[in-house]
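Below are the chains, spelled out letter by letter.
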Amino acid sequence: MAEQSLGGFFWVLILYDVAEEIDLGLVRKFSGIEPPGREPSFRHPTPDYVRFERAPATETAGEIRMDTGEVFRGYLKYFDYGVVSVELQWQFQSDWDTLVRLSSHWSRAPELERKVLELVHRHIDRLKTCLIKPNDAWLSEDYYIVQLSDARDEAGEPLLASRLLSERGAALAQIVRGEHLPLSSREQQEALQSSMSYYPTDLVVAGWIAAFIYDTPESAAPGVQLLGYANAQLLEFRVYDDLLTRVLSQVYKSLEHQRGVFSRWRFAREAAQLNTIRLDVTELTERTDNAIKFLSDMYYARLYRMAAAKIGVPDYRNLVVEKLRIAGELYDSMVNEFHEARTFVLELMVVAILIIELVFLFRGKG
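Computed from a predicted structure; not experimentally measured.

What counts and what doesn't
- Residues numbered from 1 in each chain as written.
- Predicted model: local features only at pLDDT ≥ 70, side-chain atom pairs only at ≥ 80, totals over all residues.
- Heavy atoms only, no water.
- Helix = DSSP H or I, 4+ residues; strand = E, 2+ residues; numbered from the N terminus.
- Buried < 20%, exposed > 50% of the residue type's maximum accessible area, 1.4 Å probe, protein only.
- Areas by Shrake-Rupley, 256 points an atom, 1.4 Å probe, with all protein chains shown as cover.
- Pairing = 2+ DSSP bridges.
- Contact = heavy atoms within 4.5 Å.
- Core = buried A, V, L, I, M, F, W, Y, C linked by side-chain atoms within 4.5 Å.
- pLDDT = per-residue confidence, 0-100.
- Salt bridge = Lys/Arg side-chain N within 4 Å of Asp/Glu carboxyl O.

**Side note on the overall build of the protein**
- Of regular secondary structure, the protein possesses ten helices and ten strands.
- Per-residue burial for the protein yields a buried fraction of 48% across its 366 residues.
- Summed over all atoms, the accessible surface of the protein reaches about 18,600 Å², with 54% contributed by carbon and sulfur.

**Here's the deal with the pairing of strand β5 (residues 83-94)**
- For β5, the tally of buried residues reaches ten of twelve residues, placing the bulk of the element in the interior.
- Judged from the twelve bridges that link them, strand β1 (residues 6-22) and β5 form a sheet pairing that is antiparallel. Directly across from G8, in β5, lies its bridge partner F92.
- Bridge count between strand β4 (residues 71-78) and β5: six bridges; the pairing is antiparallel. Within β5, the residue paired with G74 across the bridge is L88.
- The turn linking β4 back onto β5 is made up of four residues, and G82 within it adopts a positive phi angle of 95°.

**Concerning helix α5 (residues 169-177)**
- Counted residue by residue, α5 has seven buried out of nine residues, so it is predominantly covered.
- Within α5, the full set of buried residues consists of G169, A171, L172, A173, Q174, I175 and V176.
- Each element contacted by the buried residues of α5 is listed here: α2 (96-106), β6 (131-150), α4 (161-167), α6 (185-192), β8 (203-206) and β9 (210-214).
- Of the residues trailing α5, G178 is marked for its positive phi of about 65°.

**A look at the nonpolar core**
- Counting residues in hydrophobic clusters, the biggest one holds 57 residues, and the most contacted among them are F10, F72, Y78, W96, W106 and F212.
- It is β1 that provides the largest number of residues to this core, a total of eight residues.
- The residues contacting Y78, other than those within four sequence positions of it, are I22, L24, V27, P56, A57, E59, V83, V84, H123, I124, R126 and L127.
- One finds F9, M196, A220 and Y240 within the second-largest nonpolar core, a separate group that totals 42 residues.

**Concerning the environment of L15**
- For L15, the location among the structural elements is in strand β1.
- Once the C-alpha coordinates of L15 and V83 are considered, the two residues, 68 residues apart in sequence, prove to be 6.7 Å apart.
- With residues near it in sequence (within four places) discarded, L15 still touches V83, V84, S85, L139, S140, E141, G228, N231, A232 and L235.

**Notes on the confidence of the model for the protein**
- The predicted model of the protein has a mean per-residue pLDDT of 83, with 83% of residues at 70 or higher.
- Scored below 50 in pLDDT, residues 46-50 makes 15 contacts in the model with residues more than four places away or belonging to other chains.

**Quick notes on the pairing of β8**
- Alternating positions in β8 separate into two faces, L203 and V205 on one and V204 and A206 on the other, with burial throughout.
- Where strand β7 (residues 195-196) and β8 come together, two bridges link them in antiparallel fashion. Looking at the pairing, M196 lines up with V204 of β8.
- Where β8 and β9 come together, four bridges link them in antiparallel fashion. Bridge pairing in β9 places V205 opposite F212.
- Hairpin connection from β8 to β9: three residues lie between these consecutive antiparallel strands.

**Thoughts on unusual backbone geometry**
- Phi angles above zero are rare outside glycine, and K133 is one such case at about 55°.
- Tracing the sequence through the fold places K133 in strand β6.

**Considerations on the pattern of salt bridges**
- Under the criterion given, the structure shown has twelve salt bridges.
- The residue K77 makes a salt bridge to E87 at a minimum N-O spacing of 3.4 Å. Linking K77 in strand β4 with E87 in strand β5, this pair joins segments that are ten residues apart in sequence. Each member of the pair, K77 together with E87, is buried.

Printed below as a string of structure tokens:
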């Protein structure tokens, strides 16, 4: 295939877990954001019952200028479950080799991450009253999207997705892996397995750290938003996994140091604390799961499931579910230990009372 000029947009998505919850009503009030419509605006035919619950509040964040001269347009999205997402967009014109180098460069750009973090801190400082139980430390997740808008064949017609995969598969694999060196044929095949098309002239290839979308900017917008939602879910499940790991570690240490009967008396309080955290995480997990709803096997549902599986959402969700199960078993065990300790103490008190009564009885006879 002859070398050609390519046009499109490079997207950077960086997400932060800043609080347990964000009051979107207050965010919209303080920032002057209009109430959301149906989001995303789907390109393909979709039934009305496909929807996003509690659509995020979105505002523009101006421009971020890099030291090398590139200018990214910024947008912020506030999700009700405590996540702030920064979406940066930069328009490019390049050939394939340059596009691969740009993808590798921007997916490993500390300057970009630093500027985004400063941007988020400025906006969060302004919206502190909108945060419910803010976090001291922010866990983050980043993702990159190359959205190719214009690619033509020798006749000047839009390039078919099948030709892109067959003739530019090596470059696409490098893009979704963020690699500047060519991949082996086996790795290329693995990277390109997660690809989908709706029409002959559109294509989505999802990777762990990046994705490639071949479509017009308007038609690619829903895919970009779905990838953002998937990464928001991944971030939240990482947060819950980290929280449960720390909680379970503390419980194990407590169980190791409380071997005596009377020390088990404190299990009731610790079991109640564990159960409170378990129920809170269960509620948050359900809310994260229900943030996006697909009720049929339509194109966007399959696209979302493919992207979520590729970046690891089901894996982290399974980890959280397993740790919730362990927390439930520990809660039951600690409650049982407490009841056994309480029963033992009560039986001991009964025996002590009987002994005292016997002592007084024999003294009276003496």
